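Each chain is listed here by its residues.
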Amino acid sequence: AYDKQVLSIYRESARANGFLGPYLVAGHPLQSWLVFEVLGVATGAVISGLLARRVLVTVERGPRISVRGRLALAFVGGALMAVGAHLARGCTSGQALSGGALLNLGSWAFMLCVFAGAYAGAWFLRREWR
């Protein structure tokens, strides 16, 4: 019940937004030119990569971790990010890019903390890349 109520509030807020509103009122998402533009860009990128023989399916990893272990860590990290984004009612890229572009002090402080945390965390994982 709570999730439906929150979703309803978000929908109404998006409909009232001057930028997002017309996309939601137009009807089915496939009626929007923006959907086809994004699909065209993605398709063109894949075709270009295939023609240039630059498409390679690989998993970047250190020499001391298996592919399965690397994928498991990536999945766990993504799940933690999703939980954090849900709890924060937004994502880190939205905070950093949107807030940073608006010169919000909180967004800049957040990004400095993210980079400091990543730099500090890298010390613990340095052995995996030797």
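Please refer to the structure higher up on the page.
Residues numbered from 1 in each chain as written. Predicted model: local features only at pLDDT ≥ 70, side-chain atom pairs only at ≥ 80, totals over all residues. Heavy atoms only, no water.

**Let's talk about the overall build of the protein**
Looking only at helices and strands, the protein has 6 helices and 0 strands in total. For 130 residues, the compact-globule estimate of 2.2 N^0.38 gives 14 Å, and the C-alpha radius of gyration of the protein, at 20 Å, exceeds that figure by more than 25%. Projected onto its principal axes, the C-alpha positions of the protein cover 55 × 45 × 35 Å. When burial is assessed residue by residue, the protein has 8% of its 130 residues classed as buried. (Helix = DSSP H or I, 4+ residues; strand = E, 2+ residues; numbered from the N terminus. Rg over C-alpha atoms; globule rule 2.2 N^0.38 Å. Buried < 20%, exposed > 50% of the residue type's maximum accessible area, 1.4 Å probe, protein only.)

**Some details on the environment of Ala122**
Here Ala122 is to be found in helix α6 (residues 105-125). A sequence separation of 22 residues divides Ala122 from Gly100, and the C-alpha atoms of the two residues are 24 Å apart.

**Comments concerning helix α3 (residues 33-51)**
Under the 1.5 Å per step criterion, the end-to-end length of α3 is 27 Å for 19 residues, consistent within 8% with the ideal 27 Å. Just past α3, the residue Arg53 takes up positive phi, approximately 55 degrees. (Expected span 1.5 Å × (residues − 1).)

**Some words on the packing of aromatic side chains**
Scanning the model with the defined rule gives 1 aromatic pair in all. Measuring from ring centre to ring centre gives 5.1 Å for Trp123 and Phe124, while their planes differ by 90 degrees; the resulting arrangement is edge-to-face. Side by side, Trp123 and Phe124 carry an identical accessibility label, which is exposed. (Phe/Tyr/Trp six-rings, centres within 6.5 Å; stacked < 30°, edge-to-face > 60°.)

**Considering a nonpolar patch on the surface**
A cluster of nonpolar side chains, Leu30, Phe36 and Leu39, forms an exposed patch at the surface whose accessible area comes to about 310 Å². One can find Leu30 in the loop between α2 (21-25) and α3. (Patch = residues over 30% accessible without salt bridge, like charges linked within 9 Å, V, L, I, M, F, W, Y side chains within 5 Å. Areas by Shrake-Rupley, 256 points an atom, 1.4 Å probe, with all protein chains shown as cover. Salt bridge = Lys/Arg side-chain N within 4 Å of Asp/Glu carboxyl O.)

**Here we look at the side chain of Ser107**
Along the chain, the position of Ser107 falls in helix α6. Judged by its relative accessible area of 3%, Ser107 falls in the buried class. Aside from chain neighbours lying at most four places away, what touches Ser107 is Gln95, Gly99 and Gly100. (Contact = heavy atoms within 4.5 Å.)

**Let's talk about the environment of Ala96**
Structurally, the position occupied by Ala96 is in helix α5 (residues 92-101). When the C-alpha atoms of Ala96 and Trp108 are compared, they prove to be 7.1 Å apart, with 12 residues separating the residues in sequence. Once you skip the residues sitting within four places of it in the chain, Ala96 turns out to touch Ala101 and Met111.

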